[in-house]
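# Inside the fold
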Amino acid sequence: QVQLVESGGGLVQAGDSLRLSCAASGRTFSSYAMGWFRQAPGKEREFVAAISRSGANTVYADSVKGRFTISRDNAKNTVYLQMNSLKPEDSAVYYCAADRGYPGYATSYVSSALYEYDYWGQGTQVTVSS
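Let me begin by describing the structure that accompanies this report. For clarity, every value in this text was computed on a predicted model and none was experimentally measured.

## Comments concerning the overall build of the chain
Along the chain, the regular secondary structure elements total zero helices and 11 strands. Sequence-ordered secondary structure for the chain, helices as α and strands as β, is β-β-β-β-β-β-β-β-β-β-β. For 130 residues, the compact-globule formula gives about 14 Å, and the C-alpha radius of gyration of the chain, at 14 Å, lands near that figure. If one aligns the C-alpha atoms of the chain with their principal axes, the spans along those axes are about 45 × 25 × 25 Å.

This is the structure we're talking about:
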């Protein structure tokens, strides 16, 4: 099992940048693909970005492609989400999540499907003012 704690959220203006961090407990962090999701008031939780166990593969939602970058540091048990050129529509609670995958799955595996993720953090609020 892994526990996830997000940090780095806040109130910024449109066009600003933020970097979210997600610290994971345990010694098996590198065995999980990791993802970021977000949920705005009155909306369903949606996929933002994900990264494979090794960090070699990444996938992004179209709405953030070219503006957000996901990365991980397995030595620090941490996954990051660098968010540039923020827009008011990026305002949401951001959650990181861990996907343990399936026996024998490739290190390149990465998923954008919410139901694939097994562990979730408590979320961090990002608010972008116009």
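## Here's the deal with the environment of Val128
Note on placement: Val128 falls in strand S11 (residues 124-129). Residue classification places Val128 among the buried residues on the basis of a relative accessible area of 6%. For the pair Val128 and Glu89, spaced 39 residues apart in sequence, the C-alpha separation works out to 7.6 Å. Here Val128 is in contact with Val12, Gln13, Ala14, Leu86, Lys87, Pro88, Asp90 and Ser91, once residues within four sequence places are set aside.

## Some details on the pairing of strand S3 (residues 18-24)
The buried fraction of S3 amounts to five of the seven residues, a majority that puts the element mostly inside the structure. Bridge count between strand S1 (residues 4-7) and S3: four bridges; the pairing is antiparallel. Paired with Val5 across the two strands is Ala23, which belongs to S3. Sheet topology note: the S3/strand S8 (residues 78-83) ladder contains six bridges and is antiparallel. Residue pairing for S8: Arg19 is matched across the bridge by Gln82.

## Regarding the sheet that holds S8
Reading across the sheet, the four strands line up as S1-S3-S8-S7 and stay open at both edges, with antiparallel pairing between neighbours. Each end of this open sheet is capped by a strand with a single partner; those strands are S1 and strand S7 (68-73). The mean inter-strand angle of the sheet, taken between neighbouring strand axes irrespective of direction, is 15°.

## Quick look at the pattern of salt bridges
Following the criterion strictly, the structure yields five salt bridges and no others. The shortest N-O distance in the salt bridge between Asp90 and Arg38 comes to 2.9 Å. With Asp90 in the loop between S8 and strand S9 (92-99) and Arg38 in strand S4 (residues 33-39), this residue pair connects regions lying 52 residues apart in the sequence. The exposure class assigned to Arg38 is buried, which follows from its relative accessible area of 5%. For Arg67, the salt bridge identified is with Asp90, shortest N-O distance 2.8 Å. Within this pair, whereas Arg67 is found in the loop between strand S6 (58-60) and S7, its partner Asp90 is found in the loop between S8 and S9, the two being separated by 23 residues in sequence. Arg67 sits in the buried class, given a relative accessible area of 10%. The buried category is assigned to Asp90, whose relative accessible area is 1%.

How each quantity is defined
Residues numbered from 1 in each chain as written. Predicted model: local features only at pLDDT ≥ 70, side-chain atom pairs only at ≥ 80, totals over all residues. Heavy atoms only, no water. Helix = DSSP H or I, 4+ residues; strand = E, 2+ residues; numbered from the N terminus. Rg over C-alpha atoms; globule rule 2.2 N^0.38 Å. Buried < 20%, exposed > 50% of the residue type's maximum accessible area, 1.4 Å probe, protein only. Contact = heavy atoms within 4.5 Å. Pairing = 2+ DSSP bridges. Axes fitted to C-alpha atoms, helices over the stretch in contact; angles between N-to-C directions. Salt bridge = Lys/Arg side-chain N within 4 Å of Asp/Glu carboxyl O.

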